[in-house]
Amino acid sequence: QVQLVESGGGVVPPGESLRLSCAVSGFSLDYTLDRFAFGWMREGPGLEREGVSCISTIDEDTRYRTSVKGRFTISYDGAKRMLYLQMNNLKPEDTATYYCVAIKISGPWNCGPGDPHYWGQGTQVTVPS
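Below is a summary of the structure that appears in this document. All chains use their own residue numbering, which begins from 1 and follows the written sequence. It should be noted that, the model being predicted, local features are given only for residues of pLDDT at least 70 and side-chain atom pairs only at 80 or more, the latter also being counted only at that level, while totals for whole chains, interfaces and linings use all residues. As a convention, hydrogens and water are excluded, and side-chain values are obtained from all of the structure's heavy atoms.

Here we come to the nonpolar core. Across soluble globular proteins, nonpolar side chains show a tendency to be buried alongside one another. For our purposes a nonpolar core is just a set of buried Ala, Val, Leu, Ile, Met, Phe, Trp, Tyr and Cys residues, chained together by side-chain atoms within 4.5 Å. Partly exposed describes any residue whose relative accessible area lies between the buried limit of under 20% and the exposed limit of over 50%, with all areas from a 1.4 Å probe on protein chains only and scaled to the type maximum. One finds W40, L83, L85, M87 and Y98 to be the most contacted residues of the largest nonpolar core, which totals 28 residues. Helix numbering and strand numbering both begin at the N terminus, where a helix is a DSSP run of H or I of at least 4 residues and a strand a DSSP run of E of at least 2. Where this core is concerned, the elements lending two or more residues are β3 (18-25), β4 (35-43), β5 (50-56), β7 (72-77), β8 (82-87) and β9 (96-105). By definition, residues are in contact when any of their heavy atoms lie within 4.5 Å. Apart from residues lying up to four places away in sequence, L85 is in contact with L18, R19, L20, W40, V52, S53, F72, T73, I74 and Y98. Listed in part, the 9 residues of the second largest apolar core include A37, M41, I105 and C111.

This is the structure in structure tokens:
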């Protein structure tokens, strides 16, 4: 039911920045129904899928994997139903297909590759070495 459409990928030189966007639709505003965290997963060439960052729509709690802390910032604009990932100081190891995701949450929650209930189509980010 939740629809996720990400965009903003491209080829970026090391050290530069890029912002990914994700348009979110199809989820209820009724708090008695499912609540979500939204986030980003990625899969690099020859690498396992991994969680990058997530944000809860309940309390705006955020999660970041260690390798992107201090470089990436996740945000969610509820009025526009838009999720963003600001990526600064990009490195070659950030090269991956990035997926916007939605995770059903209730109480404690995780931001790992096995947690999303809905996935976007993916957008490619390439940082040449």
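That was the structure; now back to the text.
So, on to the pattern of salt bridges. Whenever a carboxyl oxygen of Asp or Glu lies within 4 Å of a side-chain nitrogen of Lys or Arg, that contact is scored as a salt bridge. Across all of its chains, the model carries 6 salt bridges by this definition. The salt bridge partner of D34 is K104, with a shortest N-O separation of 3.5 Å. Of this pair, D34 sits in the loop between β3 and β4 while K104 sits in strand β9, and the two are 70 residues apart along the sequence. Taking the shortest distance from any N to any O, the salt bridge between D94 and R71 comes out at 2.8 Å. A residue pair is termed long-range when its members are at least 10 positions apart, and D94 in the loop between β8 and β9 and R71 in the loop between β6 (62-64) and β7 qualify at 23 residues. The class of D94 is buried, set by a relative accessible area of 0%.

Strand pairing is assigned whenever DSSP detects at least two bridges linking the two strands. Taken in spatial order, the 4 strands make up an open sheet running β1-β3-β8-β7, and their pairing is antiparallel. Either end of the sheet is taken by a strand with one partner, and the two such strands are β1 (3-7) and β7. Across the sheet, the axes of successive neighbouring strands diverge by a mean angle of 15°, strand direction being ignored. Bridge count between β7 and β8: 6 bridges; the pairing is antiparallel. If you follow T73 over to β8, its bridge partner there is Q86. To get an axis, fit a line to the C-alpha atoms, keeping to the stretch in contact for a helix; angles then go from 0 to 180 degrees between the N-to-C directions.

Two aromatic rings, drawn from Phe, Tyr or Trp (for Trp, its six-membered ring), form a pair once their centres lie within 6.5 Å of each other, and the interplanar angle then sorts them: stacked below 30 degrees, edge-to-face above 60, tilted otherwise. Under the definition given, this model contains 4 aromatic pairs. Through a chain of ring-to-ring contacts, three or more aromatic side chains come together here, namely F36, F38, Y76 and Y118. Over a ring means this: the NZ of a Lys or the CZ of an Arg is within 6 Å of the ring centre and within 35 degrees of the ring normal. Taking NZ or CZ as reference, R19 lies 4.3 Å from the ring centre of Y84, over its face. The ring centre of W109 lies 3.8 Å from the NZ or CZ of R63, which sits over that ring.

Take the state of the cysteines next. Any pair of cysteine sulfurs within 2.5 Å is marked as a disulfide. For the structure on display, the rule yields 2 disulfides. Sulfur-sulfur distance for the disulfide between C22 and C100 comes to 2.0 Å. When the S-S torsion is -80°, as for the bridge of C22 with C100, the disulfide is left-handed. Here the residue C22 occupies a position in strand β3, and C100 occupies one in strand β9, the gap between them amounting to 78 residues. Judged on exposure class, the residue C22 and its partner C100 are both buried. Each sulfur of the disulfide joining C54 and C111 lies 2.1 Å from the other. On the S-S bond that ties C54 to C111, the torsion sits near 75°, and the link is right-handed. Pair noted here: C54 is in strand β5 and C111 is in the loop between β9 and β10 (118-119), with a separation of 57 residues, a long-range link. Judged by its relative accessible area of 18%, C111 falls in the buried class. In the protein, the bonded cysteines, taken in the order they occur along the sequence, pair up as 1-3, 2-4.

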